[in-house]
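One-letter residues, chain by chain:
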Amino acid sequence: MEANLNGIRVRFDDIGRGPAVLLLHAFPLSAEMWQPQIEALRDRYRVIAPDLRGFGGSDAPPGPYLMDTLADDAAALLEHLGVPRAVVVGLSMGGYIAFAFWRRHRDKVAAIVLADTRAGADSDEGRATRETNARLAEEQGAGAIADKMIPNLVAAGATPEVRDTLRRLITANGPDGIAGALRGMAARVDSGPDLPGIDVPVLVIVGEEDGLTPPAEAERLAAALPGATLRRIAGAGHLSNLEQPEAFNAALLEFLDRLPL
Ligand code: MLT
């Protein structure tokens with residue numbers, strides 16, 4: 001499905017019936033990364049999964065795509081669909097957006113799931129790497145980004161199928177979207193000060209072999225959040241939802257099914 005939101009065309013999935021669950025994807029993928037979760041949730045939940053600005057079938061206007069802008073796009077989508085509140089699920093960049101969504105649209109947040117993500121802003125070195133990668137995307141295209149990123153996104157034992165899926169999703173994106181998100185992530189603020197005030201239920205999920213946002217990072221995140229539960233996913237790296245979908249879905253459904261939605 002498509003909608004015109006905040007001046008751009010956004011493609012999204014809106015599948016199933018029940019309490020709303022908003023899925024915010026990782027960089028540099030698309031809503032398709034959530035396919036295993038959409039299938040697992042659709043019988044009991046209304047699953048709303050946008051291609052974020054710059055990715056998948058959505059428009060890629062000039063960047064940078066600030067996390068605030070991406071959060072406002074997601075809020076506009078909920079408003080467009082007449083959904084007052086949702087459980088906000090974000091993986092990695094999706095988590096950065098979830099923090100911005102909380103700051104800007106907390107009345108729309110029933111609960112939060114933070115997977116393979118961190119609250120902190122980038123270091124100076126991290127910001128410099130983002131700019132290098134943005135230029136790499138602009139000069140050599142998404143394939144160069146896929147080559148550089150895939151080894152770090154998954155566990156060492158990830159299957160060829162998972163790696164192929166990632167390459168297909170990454171290379172379906174254009175350089176403008178990739179560069180826009182990189183520069184937006186580089187500009188994001190530290191969400192650490194917000195954590196003690198997040199007073200909705202939170203589930204933190206991390207792949208045990210996540211090298212980008214490791215389990216120690218998830219432990220710090222969960223410890224700073226009042227009322228958070230932490231679940232570790234064995235045999236998964238950074239993209240725990242794709243690498244171990246059954247374990248990820250079990251953790252997600254156990255959390256969702258206990259919420260007073
Ligand atoms: C992601 O998976 O969304 C990215 O690894 C996030 C990041 O680069 O910080």
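Everything that follows concerns the structure shown earlier in this document.
Residues numbered from 1 in each chain as written. Predicted model: local features only at pLDDT ≥ 70, side-chain atom pairs only at ≥ 80, totals over all residues. Heavy atoms only, no water.

Trainee: Can you explain the layout of surface pockets? Please cite residues and give values.
Mentor: Roughly 540 Å³ of internal volume is contained in the largest pocket. Forming the boundary of the largest pocket are 23 residues, of which Tyr96, Arg130, Asn133, Met149 and Leu212 lie nearest the centre. Counting residues per element, the ones that place at least two in the lining of the largest pocket are helix 3 (93-105), helix 4 (124-140), helix 5 (142-153) and helix 7 (175-186). Of the residues forming the lining of the largest pocket, the biggest block, five residues, is contributed by helix 5. Looking at the lining of the largest pocket, its residues break down into eleven nonpolar, seven polar and five charged. (1 Å grid on protein atoms, 1.4 Å probe; cavity = no way out; pocket = protein on both sides within 12 Å on 5 of 7 lines; lining within 4 Å. Points joined across faces, edges and corners; volume = space filled by probe spheres on them. Helix = DSSP H or I, 4+ residues; strand = E, 2+ residues; numbered from the N terminus. Nonpolar A, V, L, I, M, F, W, Y, C, P; charged D, E, K, R; others polar.)

Trainee: Go over the sheet that holds strand 5 (residues 86-91) with me, naming the residues and quoting the values.
Mentor: An order of 1-2-4-3-5-6-7-8 is seen for the eight strands of this open sheet, with the pairing classed as mixed. Two strands in the sheet have a free side with no partner beyond their single neighbour: strand 1 (2-5) and strand 8 (228-233). Neighbour to neighbour, the strand axes of the sheet diverge by 25° on average, direction disregarded. Bridging between strand 7 (residues 202-207) and strand 8 involves six bridges; their strand directions are parallel. Residue pairing across strands places Val206 opposite Arg232, the latter belonging to strand 8. (Pairing = 2+ DSSP bridges. Axes fitted to C-alpha atoms, helices over the stretch in contact; angles between N-to-C directions.)

Trainee: Describe the packing of aromatic side chains, and please don't skip the residues or the numbers.
Mentor: Within the structure shown, the criterion is met by one aromatic pair. For the ring pair Phe27 and Phe55, a centre distance of 6.1 Å and an interplane angle of 90° mean the geometry is edge-to-face. Pair noted here: Phe27 is in the loop between strand 3 (20-24) and helix 1 (35-41) and Phe55 is in the loop between strand 4 (46-50) and helix 2 (67-80), with a separation of 28 residues, a long-range link. Its relative accessible area of 8% is what places Phe27 among the buried residues. When its relative accessible area of 1% is taken as the criterion, Phe55 is described as buried. One cation-aromatic arrangement involves Arg188 over Tyr96; the distance from NZ or CZ to the ring centre is 3.8 Å. (Phe/Tyr/Trp six-rings, centres within 6.5 Å; stacked < 30°, edge-to-face > 60°. Buried < 20%, exposed > 50% of the residue type's maximum accessible area, 1.4 Å probe, protein only. Lys NZ or Arg CZ within 6 Å of the ring centre and 35° of its normal.)

Trainee: Please set out the side chain of Ser191 residue by residue, giving values where relevant.
Mentor: Mapping Ser191 onto the fold places it in the loop between helix 7 and strand 7. On the basis of relative accessibility, which here comes to 3%, the residue Ser191 falls in the buried class. When sequence neighbours within four positions are dropped, the list of residues in contact with Ser191 reads Phe99, Arg103 and Ala119. (Contact = heavy atoms within 4.5 Å.)

Trainee: Lay out the packing of helix 4 against helix 7 in plain terms, naming residues and giving numbers.
Mentor: Axis separation between helix 4 and helix 7 bottoms out at 8 Å; the angle between their running directions is 170°. By the angle class used here, helix 4 and helix 7 are roughly antiparallel. Mapping the contact onto sequence places Arg127, Arg130, Glu131, Asn133, Ala134, Arg135, Ala137 and Glu138 in helix 4 and Pro175, Ile178, Ala179, Leu182, Arg183, Met185 and Ala186 in helix 7. Classifying every residue of the contact of helix 4 with helix 7 gives eight nonpolar, one polar and six charged. (Parallel < 35°, antiparallel > 145°, perpendicular 65-115°, else oblique.)

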